[in-house]
Amino acid sequence: MPTAIIADDERLMRDQLRMRLGQVWPELEIIGEAKNGDEAIELVDQLKPDFTFLDIRMPGKTGMEAASVIGNKSNIVFVTAYDAYAVEAFERGAVDYVLKPPELERLQITVDRLKGRLDKPASAAPDISSTVTAMLAQLTEKIATPKPAHLQWIQASIGQDLRMIPVEEILFFRSDEKYTCVQTEKYEALIRKPVRDLAEELDPALFWQIHRATLVNVNAIEGVTRDIRGRHLVMIKGRSDKLEVSRSFLHLFKQM
């Protein structure tokens, strides 16, 4: 039976990957788990697994550093959460990768690749050291500098009171010259932060900018209509509000 170890500092992620691997490759035996790169190196020397699944970011030695030490002793599979900029580097490299959280369809592609390596001698594997060095050059800067977290709360005024409003409860933001209106299902509040700043701090997958003065929660959109002047208007679920869409943002609704 083919064998593997999993190295990740998060136990839940190790458990999830083990479970998903069991679904797509029942014959693969997970013979060890490590919490960091140093433990992974020790397990490879002791257990000599066919495959080693290495999380990129771990305490002690990182997955990249551990891979450099392991070399061709085991086939390396990197586990990464950095989809946006890591995948291209991995596709060009001589190693495989799994994205967090592991999805069955993508994991099956990795498994199919790994099965093709079982019949090849370890000496025939690509030079992992040069591969890791090249990948590090592409990934280190972006991985070492995580993006700032998106806003989770908005502090807004309602009369003389201040409220902390979870962003997922906000239907839309709409600015005038002095204030920005924060509209929820139950009330309207005011903030001084302009829409252009909010657009940079909010999750773009949750809030779409549809006008220079308007951001709308995607989950609050009921549909798009047109008025007699030909303007496109976003309808909000459960409300009579209709928010104008500028021409430059119409592309957001092509799929609707």
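The rules behind each value
Residues numbered from 1 in each chain as written. Predicted model: local features only at pLDDT ≥ 70, side-chain atom pairs only at ≥ 80, totals over all residues. Heavy atoms only, no water. Helix = DSSP H or I, 4+ residues; strand = E, 2+ residues; numbered from the N terminus. Expected span 1.5 Å × (residues − 1). Buried < 20%, exposed > 50% of the residue type's maximum accessible area, 1.4 Å probe, protein only. Arc of directions from axis to C-beta. Salt bridge = Lys/Arg side-chain N within 4 Å of Asp/Glu carboxyl O. UniProt positions renumbered as here; feature names shortened; annotations may be inferred. Contact = heavy atoms within 4.5 Å. Phe/Tyr/Trp six-rings, centres within 6.5 Å; stacked < 30°, edge-to-face > 60°. Lys NZ or Arg CZ within 6 Å of the ring centre and 35° of its normal. Pairing = 2+ DSSP bridges. Axes fitted to C-alpha atoms, helices over the stretch in contact; angles between N-to-C directions.

The name given to the protein in an unreviewed UniProt entry is Response regulator, with the source organism recorded as Duganella lactea.

A.B. asks: Quick question: what am I supposed to make of helix α1 (residues 11–24) here?
C.D. replies: Working note: α-helix, 3.6 residues per turn, so residues spaced by three or four point in the same direction. Spanning 14 residues, α1 covers 20 Å between terminal C-alpha atoms, matching the ideal 20 Å at 1.5 Å per step. Looking at α1, one finds that the buried residues are Met13, Arg14, Leu17, Leu21 and Val24. Seen along its axis, α1 keeps its buried residues to an arc of 100°; they face one direction. Turned more than 90 degrees away from the buried face of α1 sit Arg11 and Leu12, all of them exposed.

A.B. asks: Sorry if this is basic, but what is going on with the pattern of salt bridges here?
C.D. replies: A pair can form between side chains of opposite charge whenever their charged atoms are brought close. Evaluated as defined, the whole model comprises 11 salt bridges. In this structure, glutamate 33 engages arginine 14 in a salt bridge whose closest nitrogen and oxygen atoms are separated by 3.0 Å. Taken together, the residues glutamate 33 in strand β2 (residues 29–34) and arginine 14 in helix α1 connect sequence positions 19 residues apart. Between lysine 35 and glutamate 39 there is a salt bridge, and its shortest N-O distance comes to 3.3 Å. Salt bridges sharing partners connect three or more residues here, namely Arg14, Arg18 and Glu33.

A.B. asks: Would you take a moment to explain the UniProt feature "modified residue: 4-aspartylphosphate" (unreviewed entry) in the protein for this structure?
C.D. replies: In the numbering adopted here, UniProt assigns the feature "modified residue: 4-aspartylphosphate" (unreviewed entry) to Asp55. Within the secondary structure, aspartate 55 sits in strand β3 (residues 51–55). Overall, the relative accessible area of 5% leaves aspartate 55 in the buried class. In this structure aspartate 55 touches Ala7, Asp8, Asp9, Gly63, Val79 and Lys100, once residues within four positions along its chain are discounted.

A.B. asks: Honestly, the packing of aromatic side chains in this entry has me stumped. Any pointers?
C.D. replies: Where two aromatic rings form a pair, the distance of their centres and the angle of their planes describe that pair. Taken as a whole, this structure holds three aromatic pairs when the rule is applied. Ring geometry for phenylalanine 173 and phenylalanine 207: centres 5.5 Å apart, planes at 55°, overall tilted. Taken together, the residues span a long stretch of sequence, with phenylalanine 173 in strand β8 (residues 170–175) and phenylalanine 207 in strand β11 (residues 207–211) at a distance of 34 residues. Of the two residues, phenylalanine 173 and phenylalanine 207, neither departs from the other in class, the shared state being buried. Over the ring of tyrosine 187 we find arginine 163, and its NZ or CZ is 4.8 Å from the ring centre.

A.B. asks: Looking at this structure, how should I read the environment of glycine 238?
C.D. replies: Assignment of secondary structure puts glycine 238 in the loop between β14 (232–236) and β15 (242–245). Sequence-wise, glycine 238 and alanine 220 are 18 residues apart; in three dimensions their C-alpha atoms are separated by 8.7 Å.

A.B. asks: When you look at the sheet that holds strand β4 (residues 75–80) in this model, what are you seeing that I'm missing?
C.D. replies: Working definition: the strands of a sheet are paired by backbone hydrogen bonds and lie parallel or antiparallel to each other. Sheet architecture is open: five strands sit in the order β2-β1-β3-β4-β5, paired in parallel fashion. Edge strands, defined here as strands with exactly one partner in the open sheet, are β2 and β5 (96–99). When strand polarity is set aside, the average angle formed by the axes of neighbouring strands in this sheet is 25°. Here β3 runs beside β4; their pairing, made up of five bridges, is parallel. Counterpart to phenylalanine 53 in the pairing with β4 is valine 77. Contacts from helix α2 (residues 37–47) reach β1 (3–7), β2 and β3 within the one sheet, and its direction differs from that of β2 by about 145°. Sitting on the sheet, helix α3 (residues 63–70) is in contact with β3 and β4, with an inclination near 150° to β3.

A.B. asks: Can you walk me through the pairing of strand β9 (residues 180–184) in this structure?
C.D. replies: The side chains of a regular strand alternate, first on one face of the sheet and then on the other. Of all five residues in β9, five are buried; the element is thus mostly enclosed. Residues Thr180, Val182 and Thr184 line one face of β9 and the alternating positions Cys181 and Gln183 line the opposite face, and both faces are buried. Note that β8 and β9 share five bridges and pair antiparallel. The residue of β9 that forms the bridge with isoleucine 170 is threonine 184. Hairpin connection of β8 to β9: four residues between the antiparallel strands.

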